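Here are the chains, one letter per residue:
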Amino acid sequence: ILNVEQSPQSLHVQEGDSTNFTCSFPSSNFYALHWYRWETAKSPEALFVMTLNGDEKKKGRISATLNTKEGYSYLYIKGSQPEDSATYLCAFGSPGGNEKLTFGTGTRLTIIP
Amino acid sequence: ETGVTQTPRHLVMGMTNKKSLKCEQHLGHNAMYWYKQSAKKPLELMFVYNFKEQTENNSVPSRFSPECPNSSHLFLHLHTLQPEDSALYLCASSRTSGGSDSYEQYFGPGTRLTVT
């Protein structure tokens, strides 16, 4: 059974502050690491897909890094805004052709205006 | 709008009922997925279809029966469910993965299922 851990489980951040959270995954048999944002009453939305050790990806104020050797990824949000409030999910992809993603339980982020 | 629609959005059914969940994607993807999310648990993969062929069954009980008539449509037929099957059921689609590439999945809004 694959273990994908996310921490913290929940986080309250003042508007304008920057924040980050962690996804830990098995360091062996790595294929891909996905990040998704899931706003309440909406569909999960893909943020990043990372496949190479040392990958760093950015989308606006959100960025992510990947360390496959030690089995972790960080998601950073710079200058948090109320619209960043959501649950952030990471998912570990195993090799084997199709995307068999194992999801973490997520980090619930609330931005305080 | 993600390009993936699911119907119904909410469903209440008794343990002896038979119902079906429907998913449709307008993205030209060849892979489709069913996920289950129970309270306080991570998203759990149930089934994967690739070019209409089932390629993954994650030890799902037979009271859940998937059907994929073409690459754009996916169904989940439900019969004699248990109260513990109450959950949010999400459908997703993606480009077919293979080799060294990995593609993001596009999710529908989900069906909130309550089994009484």
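Quick question: what am I supposed to make of the pattern of salt bridges here?
Charged atoms that come close allow side chains of opposite charge to pair. Applying the stated rule across the entire model yields five salt bridges over all chains. In this structure, Lys42(A) engages Glu39(A) in a salt bridge whose closest nitrogen and oxygen atoms are separated by 3.9 Å. Its relative accessible area of 47% is what places Lys42(A) among the partly exposed residues. Between Arg63(B) and Asp85(B) there is a salt bridge, with the nearest N and O atoms lying 2.7 Å from each other. Here Asp85(B) lies in the loop between β8 (73-79) and β9 (87-94) and Arg63(B) lies in the loop between β6 (53-57) and β7 (64-70), a separation of 22 residues in the sequence. Exposure remark for Asp85(B): the relative accessible area of 2% places this residue in the buried category.

I tried to follow the layout of surface pockets on my own but got confused; where do I start?
Empty space left among the atoms is revealed by rolling a probe the size of a water molecule over them. When its volume is computed, the largest pocket comes out at roughly 890 Å³. The greatest single-element share of the lining of the largest pocket, amounting to four residues, is contributed by strand β11 (residues 107-112) of chain A.

Would you mind going over the interface of chain A and chain B with me for this structure?
Reports of interface size often rely on the accessible area that becomes lost once the parts have come together. Facing the 19 residues of chain A at the interface are 28 residues of chain B. Surface buried jointly by chain A and chain B totals about 1,800 Å² across both partners, of which 56% is contributed by carbon and sulfur atoms. The interface formed by chain A and chain B includes one salt bridge. A salt bridge links Lys100(A) to Glu56(B); the nearest nitrogen and oxygen atoms lie 3.2 Å apart. Between the two partners, chain A and chain B, sit five residue pairs in polar contact (both at pLDDT 80 or more). Elements with a minimum of two residues in the side of chain A that touches chain B: β4 (32-38), β5 (45-50) and β10 (100-103) of chain A. The leading source of residues in the side of chain A that touches chain B is β4(A), at four residues. Partitioning the side of chain A that touches chain B into residue classes produces 10 nonpolar, seven polar and two charged.

What am I meant to see in the environment of Ala41(A) here?
All names here are of chain A. Take alanine 41: it is sitting in the loop between β4 and β5. Residue classification places alanine 41 among the exposed positions, given a relative accessible area of 72%. Distance in space between the C-alpha atoms of alanine 41 and glutamine 6 is 22 Å, their sequence separation being 35 residues.

Rules of the game
- Residues numbered from 1 in each chain as written.
- Chains lettered and ligands numbered in written order.
- Predicted model: local features only at pLDDT ≥ 70, side-chain atom pairs only at ≥ 80, totals over all residues.
- Heavy atoms only, no water.
- Salt bridge = Lys/Arg side-chain N within 4 Å of Asp/Glu carboxyl O.
- Buried < 20%, exposed > 50% of the residue type's maximum accessible area, 1.4 Å probe, protein only.
- Helix = DSSP H or I, 4+ residues; strand = E, 2+ residues; numbered from the N terminus.
- 1 Å grid on protein atoms, 1.4 Å probe; cavity = no way out; pocket = protein on both sides within 12 Å on 5 of 7 lines; lining within 4 Å.
- Points joined across faces, edges and corners; volume = space filled by probe spheres on them.
- Contact = heavy atoms within 4.5 Å.
- Buried area = accessible area lost by both parts, 1.4 Å probe.
- Polar contact = N/O pair within 3.5 Å; in protein donor to acceptor, adjacent residues only side chain to side chain.
- Nonpolar A, V, L, I, M, F, W, Y, C, P; charged D, E, K, R; others polar.

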